[in-house]
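# Chain and residue survey
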Amino acid sequence: MISPEAARACTELSHEIRRQVGLLINRRGAIEQVLVGTGRELDLTVLSGFRHGRRFLRGVRLVHTHLSNEPLTQDDLTDLALLRLDLIAAIGVDPQGAPADLYLAHIVPPNPDGHAYDVLEPRPFHAFHLDCGQFIDALESEVAREIVRHSVADRKDTALLISASKRSRLEQEERLEELAELAKSDDLEVCETVVQRPQEIHPKYLLGSGKLKEVVIKALQRGADLLIFDQDLTPAQVRAIGEATELRVIDRTQLILDIFARRAHSREGKIQVELAQLRYLLPRLSERSTALSRLGGGIGGRGPGETKLETDRRRVRQRISHLERELQAAARRRDQRRALRVREKIPIISIVGYTNAGKSTLLNALTDSRVPAEDRPFETLDTSSRRLRFPRNRDAIITDTVGFIRDLPKDLMGAFRTTLEELRDADLLLHLVDASAKTFERQIEAVDAILAELELEGIPRVLVFNKCDRLPPEETEGLCHRYGAVGVSALRPETLAPLIDVLDRVLAARAEKGDSTEAPGRLIGSRVGVS
Ligand SMILES: Nc1nc2c(ncn2[C@@H]2O[C@H](COP(=O)(O)OP(=O)(O)OP(=O)(O)O)[C@@H](O)[C@H]2O)c(=O)[nH]1
Ligand SMILES: [Mg+2]
């Protein structure tokens, strides 16, 4: 650990000055730093200069004195885990200033019980013998093995979810549940959630620094490599939190962008997602470049980094305008299709609703189609249109489109504007709600808000509760009554008749108003026999 002479020198000095004395010792056994603290603690901020490099443990151990021969404190253990020290030891000081007991703790590899460290039984200093070099080498390889085993076993990134906001705890927890769904949908493992409701939001880290420590320790215990914040982070916050925790940091917007990038299949969908990603990236590039330009250097005071970032930014902007032009071209093609439909006077029903409400399932049930439907958010990004047969030679087109979510990221909303604007063509909006969702009321509000933002309030709307098979019939009835809505289960075609009836009546009324020569038809889903 340390030689009896060195230990004695420390305890005597401590005894004399009534302060803790600490030694940071590297793997070769050399003393890197001597620290002097208060009577109760040491300030370890100097350690932020020591990087881990590729190793898991930091490569230095801390041996320090405890004036009243007291055991390791919670702060000591927090420092151990947070700074990933090779180990931490306290040598108690006896009343004469000589070494008394030795207290030792070390980090343990990620484990199912979620223990971050192991605290050994205290022993008299002189009775304690440990070959530190060997011990730390063994520990390091064990940790490395466990980490590799973890990552090979599931191959998934593990995320820790965080919410720091002034909203109520309940609301934060609801939002974290949604965030967890999003994370799973992005193929991430969620190991833990952390909620903070601070008086004041910490401008640099969002979380208070105590909470941030807790986060790092939890991440360590559970083998998390990614932090996902429910709140939007500024580029500076992402950087600061990343540096303080040495973990990857993203926010909800970035997570949603990532899901969209995975799911975009059509050419237009891909363009829209790439646009959103570039728009998200652009301010972050400039933020990095100011940081780099401060580092300065280079001829004429312009660092090479900045020049590169200038080029990066220019390239990003060029790509953005290129993609925007492509989108406009696609929009023109769509306008032509629209003109055709208007000439044919085919009414359009658009299914809108919160993501995962069952929109694609309903489209499939009504038209006997095979649009992919999956129990995860943002399964659908591309608009699908299908024909619904009316009797007396009348048709309707029914469309299914990208789902909504609360606080839809601005960049996404912008990029998906063309898709969303297609909703303007609708003669009827079918607002589908997952009645079994705990937060369905807030989901309705979120959808209404987005429809208002898209200025679609003028289009007749039918509210439909889906997944009613999951509720007792009385509850469905009560809900429908309260909201003036129709209840269905898209998985059970036999429940769709009342909905078809309502759609029929609304469209018929609209047809009469718009074109009185046309007889109101009865809308029939091809799969659902309506007598
Ligand atoms: N129990 C039950 N599950 C349903 C019902 N309708 C849809 N689901 C399920 O809900 C999940 C989501 O359905 P989707 O049709 O993909 O939902 P969506 O609204 O299109 O979702 P996004 O495209 O991701 O926005 C799927 O697992 C469906 O099987 C229903 O009436 N009852
Ligand atoms: Mg869908």
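The sections below set out a description of the structure shown in this document.

The rules behind each value
Residues numbered from 1 in each chain as written. Chains lettered and ligands numbered in written order. Predicted model: local features only at pLDDT ≥ 70, side-chain atom pairs only at ≥ 80, totals over all residues. Heavy atoms only, no water. Helix = DSSP H or I, 4+ residues; strand = E, 2+ residues; numbered from the N terminus. Buried < 20%, exposed > 50% of the residue type's maximum accessible area, 1.4 Å probe, protein only. Areas by Shrake-Rupley, 256 points an atom, 1.4 Å probe, with all protein chains shown as cover. 1 Å grid on protein atoms, 1.4 Å probe; cavity = no way out; pocket = protein on both sides within 12 Å on 5 of 7 lines; lining within 4 Å. Points joined across faces, edges and corners; volume = space filled by probe spheres on them. Nonpolar A, V, L, I, M, F, W, Y, C, P; charged D, E, K, R; others polar. Near = heavy atom within 4 Å. Polar contact = N/O pair within 3.5 Å; in protein donor to acceptor, adjacent residues only side chain to side chain. Core = buried A, V, L, I, M, F, W, Y, C linked by side-chain atoms within 4.5 Å. Contact = heavy atoms within 4.5 Å. Pairing = 2+ DSSP bridges. Axes fitted to C-alpha atoms, helices over the stretch in contact; angles between N-to-C directions. Salt bridge = Lys/Arg side-chain N within 4 Å of Asp/Glu carboxyl O. Patch = residues over 30% accessible without salt bridge, like charges linked within 9 Å, V, L, I, M, F, W, Y side chains within 5 Å. Donors = N, O, S within 2.8 Å, 3.2 Å for Na, K, Ca; no water. Phe/Tyr/Trp six-rings, centres within 6.5 Å; stacked < 30°, edge-to-face > 60°. Left-handed = near helix turned anticlockwise from the far one by under 90°.

## Looking at the overall build of the chain
Within the chain one finds 15 helices and 17 strands. For the chain, the residues scored as buried account for 51% of the 531 residues in total. Looking at the chain as shown, the accessible area adds up to about 26100 Å², and 49% of this sits on carbon and sulfur atoms.

## Notes on empty space enclosed by the protein
Counted under the stated rule, the structure contains one cavity of 30 Å³ or more. Its volume calculated, the largest cavity comes out at about 50 Å³. Residue lining of the largest cavity: F260, F378, V402, G403, F404, L408, L412, F416 and L420, and that is the complete set. Among the residues forming the lining of the largest cavity, the class breakdown is eight nonpolar, one polar and no charged.

## Observations concerning the site of ligand 1
Around ligand 1 sit 23 residues in total, of which K359, T361, E379, T380 and D469 are the nearest. Between ligand 1 and the protein, one listed contact pairs an oxygen atom with a side-chain N or O atom of T361 at 2.5 Å. Here a nitrogen atom of ligand 1 and a side-chain polar atom of D469 are 2.7 Å apart. With three residues, the top contributor of residues to the shell around ligand 1 is helix α10 (residues 359–367). The residue makeup of the shell around ligand 1, split by class, is six nonpolar, nine polar and eight charged.

## Considerations on the nonpolar core
Core analysis: the largest hydrophobic core is formed by 53 residues, its most contacted members being I228, L255 and F260. Considering every element that reaches this core, the biggest residue donor is helix α8 (residues 267–295), with eight residues. When sequence neighbours within four positions are dropped, the list of residues in contact with I228 reads A159, L160, L161, I162, L179, A183, L188, I250, D251 and L255.

## A closer look at the sheet that holds strand β9 (residues 189–196)
Pairing is parallel in the open sheet, where four strands are placed in the order β9-β8-β10-β11. Taken across any chain shown, the strands that pair with only one partner, and hence form the sheet edges, are β9 and β11 (248–251). The sheet shows a mean angle of 25° between the axes of neighbouring strands, taken without regard to direction. Two strands pair when backbone bridges link them, and strand β10 (residues 226–229) and β11 are joined in this way by four bridges, in the parallel orientation. Counted as the bridge partner of I228 is I250 from β11.

## Concerning the pairing of strand β4 (residues 88–93)
Burial analysis of β4 places six of its six residues in the buried class, which makes it a mostly covered element. Here β4 shows no split at all, with I88, A90 and G92 on one side and A89, I91 and V93 on the other all buried. Sheet topology note: the strand β3 (residues 60–66)/β4 ladder contains five bridges and is parallel. Across the sheet, residue T65 finds its bridge partner in β4, namely I91. Once β4 ends, the chain turns through five residues before running back antiparallel as strand β5 (residues 99–107), passing G97 with a positive phi of about 90°.

## Considerations on the pattern of salt bridges
Scanning all chains against the criterion turns up 30 salt bridges. Between R461 and D448 there is a salt bridge, with its nearest N and O atoms 2.9 Å apart. Here the residue R461 occupies a position in strand β16 (residues 461–466), and D448 occupies one in helix α13 (residues 440–453), the gap between them amounting to 13 residues. A relative accessible area of 30% places D448 in the partly exposed class. Three or more residues are tied together by salt bridges with common partners; here these are R175, E178, D230, R252, R406 and D407.

## Focus on a nonpolar patch on the surface
Residues L13, I17 and V36 make up a contiguous nonpolar surface patch of roughly 230 Å² in combined accessible area. Structurally, the position occupied by L13 is in helix α1 (residues 4–17).

## A few points about the coordination of the magnesium ion (ligand 2)
Here the magnesium ion (ligand 2) is held by the protein donor atoms S360 (OG) and T380 (OG1), which lie 1.9 to 2.1 Å from it. Of the two residues, S360 is situated in helix α10 and T380 in the loop between α10 and β13 (384–389); the sequence distance between them amounts to 20 residues. Residue T380 is classed as buried on the basis of its relative accessible area, which comes to 11%.

## Some remarks on the packing of aromatic side chains
The full count for this structure, using the stated rule, is four aromatic pairs. Ring plane angle 55° and centroid distance 4.7 Å describe the contact between F260 and F378, whose orientation is recorded as tilted. Of the two residues, F260 sits in helix α7 (residues 252–263) while F378 sits in the loop between α10 and β13, which places them 118 residues apart along the sequence. For the residue pair F260 and F378, the accessibility class agrees, reading buried in each case. Look at F440 and Y483: their rings are 6.2 Å apart centre to centre, the planes differ by 65°, and that puts the pair in the edge-to-face class. On the criterion of sequence distance, the pair formed by F440 in helix α13 and Y483 in helix α14 (residues 473–483) is long-range, its members being 43 residues apart. Put simply, the rings of F440, F465 and Y483 pair up and form one aromatic cluster.

## Here's the deal with the packing of α13 against α14
Across the interface, α13 lies against α14 with an axial gap of 14 Å and an inter-helix angle of 30°. Crossing hand, α13 versus α14: right-handed. Touching F440, E441 and I444 of α13 are L479, R482 and Y483, all from α14. Partitioning the contact of α13 with α14 into residue classes produces four nonpolar, no polar and two charged.

## Digging into the packing of helix α4 (residues 169–185) against α7
The contact between α4 and α7 brings their axes to 9 Å, and the two run at 35°. Here the hand of the crossing between α4 and α7 comes out left-handed. Residues E178, L179, L182, A183 and S185 of α4 lie in contact with α7, whose contacting residues are R252, L255, I256, I259 and R263. Taken together, the residues of the contact of α4 with α7 break down into six nonpolar, one polar and three charged.

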